[in-house]
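Topology and contacts: notes
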Amino acid sequence: MSEETDILIVGAGPSGGALASFLGSYGLSGIVIAAAAGTADTPRAHITNMAALECLRDIGLEPEILKVATTHGCMEHTRWCQSMAGEEYARIYSWGHDPQRKGDYDAASPCNPVDLPQTLLEPVLVKYAEEHGFPCRFNNRFIRFSQDNGAYVSEIQNETTRERYTVRSKYLFGCDGGRSNIVRQLDLPLIRKPGQGLAINLLVETDLSHLVEYRTGNLHWVMDPENDYPTFGKMAIVRMVKPWSEWMFILFPDPNSDLSQEPTYEEYLHEVQKLIGDTKVPAKIKDISKWYINEIVAEQYSEGNIFCLGDAVHRHPPFNGLGSNTCIQDAYNLAWKIAQVVKGEAGPALLSSYSAERQPVGVDIVTRANQGFRDHYAVWNALGMTLDTKIERVQAFNELRAATPAGEARRQLLREAITGTAREFHAVGWEMNQRYVSEAIYLGDEATPRPPLPSDPVLYHEITTYPGSRLPHAWLNTKVPGKQLSTIDLAGQGRFILLTGIGGDKWRAAGQSVGGVLGIDIPVYSIGWGQDYEDVYFDWSRRREIREDGCILLRPDRFVAWRYMGLVDDCHQKLLHVLSHVLSRKET
C-alpha cells in the first residue's frame, strides 16, 4: 500500500505534536506517525516556560493548557532536605516566585510558567492536530526513507498488523526523539560531550500533602550524609507530578557503583520509604525507567526537505526545564516557514534559516542544562555528600551545626551554593534571550551592532526590538473600555505584522500596498495616544527603541524581522525590499 501527502511527521511527542498543531493552524494538512501505542505514559518533561506558552497561546491553546496544568503557586520553592518528613537544609524561590524577581517575569511575558507533565501536554497537542488536518497513527513505526524524483518515500510498519506500507511526501520531519532513525539515516554530525551518568525514575503514588503543607514546592532534593545509601541512589529528587498524590522519585546512583544487577521492586520501595521519611505513609511504585544524562547536539538540523527537531537533535538532562519547551519552539520557528513556502508566499531558501536560527539555540540549551546539573555539585560538597566515607560525610555535615570558624565557613559555602542554583530556577534570560541571525532577519538598516546581553544573560532578559530578538511584551488598552491585551497578541497567527505609532500613516499605507504586491496579508497596528491601541503604562514607548513614526516588522513567530527608526521617502519600496529579502523572494 502506498500513500501520498505533502507533509509526513515522524513522532507525536512535544516536537511532533506541536509541529502538527502549528502547521494545522496555518491551514495545512498531513500525516503524523508514532511508534508508541499512544501519548506519553510517564510524566517526563514538566516545566513549561513563558516562551513555550507564548507559542501555544498563539493558536489558542493556552486555556486548554491551563485547565490541565498545575497552578503556578505549587512551584513556589525548590528545597534540600534529609527526607520529605525530615530536617530541611535550605530552600530557594523558583519559577518566578522570588519577590525580587517577579517584576522580571512580568516584564518578559503575559504568561506564567506552569508545571505540565508530558502525560497531560501531549494529548492536548495531538487532539488539536487531529482536529486541524493532522491525524496521528500510533503503533506505526518509521523504518527508513528513500528519495525518488524529488520526493521522500518512507517505509512504515503497522506494529499491530505487522504490515508495511509507504508514504510519499514532499517534506519529512524527524521528531522521533533521542534515538531518531531519521537523524541516524541522514548521518547528521553530532557534537558529543561526555555524559554525566545514569538516573532512575520511579513514578510513585503516595499522598504527601501533610508533608508539603508548609514546604510548598515541586522539586525536593533529598540527601542524608549521616546515613548509608544504596548504590543505586546516593541522592534523589522528589518531583511533584500531581499535587500532592503523585511524585517522581529520581535516583542518582553513585558513579562508581556496580549496577549490573537490577534492584528488586522491594528494594526500590524501601528506598522510596526512606526518602519519604515516614513509614506510615503508604506508597506504590507505578513505573520504573532509566535515562542517561547526555550532552549532545546536532551540528545541523536539516538536509534538503528533511527537518529534524526536538530531542532528535538536542539531548540533555531536564535541569532548567528546557526540554519540551525547546521542542515546542523548534516547531514554532519551522512551521510558519513551511507554511509560507507551501503556499507559494516565500521562496524555498527561507527554509535554510531554520537550522541557522535554531541550532545555536540547541547548543546553548544543551550547555545550560548540563551546567545546571553541575551547579548542584557545590551544594552536595557543602553538605558533605561528595566525600567517600560515611565518617567523613558525618564530620563535614556536623560542621554546619558547629559554632567554629570551620562551621561558619561551611555554612557560607552552603549559602553561596544554594544561591548559585538560581541560574537554574530563575533563568528567565536563558529562556527568553534567544537571538536569531539568518537571511530571514534584515539588518541592513541598523546603524549600530546588536547591544550586548545583560551581564548575566542566564538570569536576566534583554528587552529589545533589535532584529532577531523576541517582540517585547507590553500591556495595551483600547480607547474605549475593553480587554487588556499584550503586544504579542497583535502578532503571530501565521502573519507578518507592522507596528507603528503617531505619524506612521505612510507605513500603514505601505503595509497594505506591499501586501497586495506579495499576495499576503500584512496587518498594521498603531500604538500610542489616540491610536489603534493605547500605551497606558508607557511600557511600549520605553521598549520599542524607535521613534513614534518608525516601524517594526514582526515575523509570524513574533520575532523582529526588521525595524526602521522613522519615516523614509518611499515606505512602500523599503518595505517591499525588506520583505522580499526575508521571504527569499525576487523583488518585483
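Residues numbered from 1 in each chain as written. Predicted model: local features only at pLDDT ≥ 70, side-chain atom pairs only at ≥ 80, totals over all residues. Heavy atoms only, no water.

1. Remarks on the pairing of strand S9 (residues 151–158)
- Most of S9 is tucked away: seven of the eight residues are buried.
- Summarising the sheet, strand S8 (residues 140–148) and S9 pair through eight bridges and their orientation is antiparallel. The residue bridging Gln 147 from the neighbouring strand is Tyr 152, located in S9.
- Where S9 lies against strand S10 (residues 164–174), six bridges are found, and the strand directions are antiparallel. In the strand pairing of S10, Gln 157 is matched with Arg 164.
- In this structure, the hairpin formed by S9 and S10 is closed by a connection of five residues, where Arg 162 is found at a positive phi of approximately 70°. (Buried < 20%, exposed > 50% of the residue type's maximum accessible area, 1.4 Å probe, protein only. Helix = DSSP H or I, 4+ residues; strand = E, 2+ residues; numbered from the N terminus. Pairing = 2+ DSSP bridges.)

2. Here's the deal with the packing of aromatic side chains
- If you walk through the whole model with that rule in mind, you get 23 aromatic pairs.
- Taking 5.9 Å as the distance between ring centres and 55° as the angle between the ring planes, the aromatic pair formed by Trp 221 and Trp 380 counts as tilted. Here the residue Trp 221 occupies a position in strand S13 (residues 219–222), and Trp 380 occupies one in helix H11 (residues 377–383), the gap between them amounting to 159 residues. Residue Trp 221 shares its accessibility class with Trp 380, and that shared class is buried.
- Both rings, one in Phe 307 and one in Tyr 354, keep their centres 6.2 Å apart while their planes meet at 70°; by these two values the pair is edge-to-face. Here Phe 307, found in strand S19 (residues 306–308), pairs with Tyr 354, found in helix H10 (residues 352–375); they are 47 residues apart in sequence, far enough to count as distant.
- Taken together, Trp 221, Phe 252, Phe 319, Phe 373, Tyr 377 and Trp 380 form an aromatic cluster joined through their ring pairs. (Phe/Tyr/Trp six-rings, centres within 6.5 Å; stacked < 30°, edge-to-face > 60°.)

3. A closer look at the nonpolar core
- Ranked by size, the top nonpolar core spans 101 residues in total, and within it Ile 9, Leu 19, Phe 22, Phe 173 and Ile 338 carry the most contacts.
- Residues contacting Phe 173, with those up to four places away along its chain left out, are Ile 7, Leu 8, Ile 9, Val 10, Leu 19, Ile 182, Phe 307, Leu 334 and Ile 338.
- In terms of nonpolar packing, the next biggest core, distinct from the first, is built from 35 residues, Trp 95, Phe 252, Leu 414 and Ala 417 among them. (Core = buried A, V, L, I, M, F, W, Y, C linked by side-chain atoms within 4.5 Å. Contact = heavy atoms within 4.5 Å.)

4. Focus: the UniProt feature "domain: FAD-binding" (unreviewed entry) in the protein
- Within this numbering scheme, the UniProt entry marks residues 4–368 as carrying the feature "domain: FAD-binding" (unreviewed entry).
- Between the C-alpha atoms that bound residues 4–368 the distance is 41 Å, and the span itself is 30% helix and 29% strand. (UniProt positions renumbered as here; feature names shortened; annotations may be inferred.)

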